[in-house]
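Examining the three-dimensional arrangement
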Amino acid sequence: MKRNVFIASLTLIAALLILFSIPALAADAKLLRMATTTSTDDTGLLDYLKPYFVKETGIDIQWVATGTGKALKLGENCDADVLLVHAPDAEKKFVADGFGLDRNVVMYNDFVLIGPASDPAGVKGKSVKECLNTISGKKIKFVSRGDKSGTHQAEQILWKASGLPVPDKESWYAQAGQGMLTTIQIAAEQNGYTLTDRGTYIKYEDVMKGNPPLKILVEGDDLLKNIYSVIVVNPAKCPNTKADLAKTFSDWMGKPSTKNLITGFKLSGKQLFFISAK
């Protein structure tokens, strides 16, 4: 009799465990994993958008913010369901290689070249090509992300577009291997120049109470546009990814109401992101 009671008790406990695990399993089924660039996180854009996305779709979202190169690798390794990144050439290759289902261009801002207010290189107001040729020629300190991020890849393209080899071990060229805000801080400490997206610069400016040591010196050049895209990780490559949730997020980012949220997102009264015309 006691043995039967014991077995019945175990059966009840097992049933209760299964019952109480169902909500957790259901919740996990509605959890979207995203890999993204540091700028969307550092600026606060994702924290701003998340409550609206969760409310409208019932899907929770968690993200890892890293350089675009690493974010794409997370997609390749099936460690993310969706990507929000900003390195067009690398993204197109990712899709062409079968790792992404589509590439949905959703927004943009621009890159800016920043440096000390004293501008020891004398590049303020010059074109990107003039600026980089001057920095290289005078061997003025330049701090690179050096992390295969979207910004790092854009910087490498700019050196080449300027008719220069991409610097590597030159004494005046430092590779931080860090996120954008940290790279800016290193450049400031070394009285050097760096390339950043405008959104992160506005965040940096806000952190420095409107008086940052590094100022925008080169901007508005056609070479400096910075485009962000959403890519759904291909379930044919990664069967366990949640492509349906990822597609919902990609579609949501393209909705007129979401576009209004993105353009309405400001810091210190300044707009950080703009809507891409496809």
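First, a word on what this report is: a plain description of the structure on this page. Computed from a predicted model, the values in this text were never measured in an experiment.

**Details of the pattern of salt bridges**
Taken as a whole, this structure holds 11 salt bridges when the rule is applied. With its nearest N and O atoms 2.6 Å apart, the salt bridge here joins arginine 103 to glutamate 91. On the criterion of sequence distance, the pair formed by arginine 103 in strand β4 (residues 100-116) and glutamate 91 in helix α5 (residues 88-96) is long-range, its members being 12 residues apart. Look at arginine 103 and you get partly exposed, because its relative accessible area is 26%. Taken together, the shared-partner salt bridges in this structure form one network comprising Asp110, Arg198 and Glu219.

**A closer look at helix α11 (residues 256-264)**
All of the buried residues in α11 are Thr258, Leu261 and Ile262. The arc that holds every buried residue of α11, seen down its axis, measures 95°, which confines them to one face. Residues of α11 that are exposed and angled more than 90 degrees away from the buried face: Pro256 and Asn260. Where α11 is buried, its residues contact α3 (45-57), β4, α10 (243-253) and β12 (274-275).

**A closer look at the environment of asparagine 240**
With respect to the secondary-structure elements, asparagine 240 resides in the loop between β9 (225-233) and α10. Separated by 162 residues in sequence, asparagine 240 and cysteine 78 place their C-alpha atoms 7.8 Å apart.

**What about the environment of glycine 177?**
With respect to the element layout, glycine 177 can be found in the loop between β6 (173-175) and α8 (180-189). Taking relative accessible area as the criterion, glycine 177 reaches 37% and is therefore assigned partly exposed. C-alpha separation for the pair glycine 177 and histidine 152, spaced 25 residues apart in sequence, amounts to 9.6 Å. Residues contacting glycine 177, with those up to four places away along its chain left out, are Ser144, Arg145, Gly146 and Asp147.

**Observations regarding the packing of α3 against α11**
Close contact between α3 and α11 brings their axes to 10 Å; oriented N to C, the two are set at 155°. Taken as axis vectors, α3 and α11 run roughly antiparallel relative to one another. In this structure, α3 crosses over α11, and the sense of that crossing is right-handed. Along its contact with α3, which presents Tyr48, Leu49 and Tyr52, the element α11 presents Leu261, Ile262 and Gly264.

How each quantity is defined
- Residues numbered from 1 in each chain as written.
- Predicted model: local features only at pLDDT ≥ 70, side-chain atom pairs only at ≥ 80, totals over all residues.
- Heavy atoms only, no water.
- Salt bridge = Lys/Arg side-chain N within 4 Å of Asp/Glu carboxyl O.
- Helix = DSSP H or I, 4+ residues; strand = E, 2+ residues; numbered from the N terminus.
- Buried < 20%, exposed > 50% of the residue type's maximum accessible area, 1.4 Å probe, protein only.
- Arc of directions from axis to C-beta.
- Contact = heavy atoms within 4.5 Å.
- Axes fitted to C-alpha atoms, helices over the stretch in contact; angles between N-to-C directions.
- Parallel < 35°, antiparallel > 145°, perpendicular 65-115°, else oblique.
- Left-handed = near helix turned anticlockwise from the far one by under 90°.

Everything listed here is a matter of geometry and, on its own, says nothing about what the molecule does.
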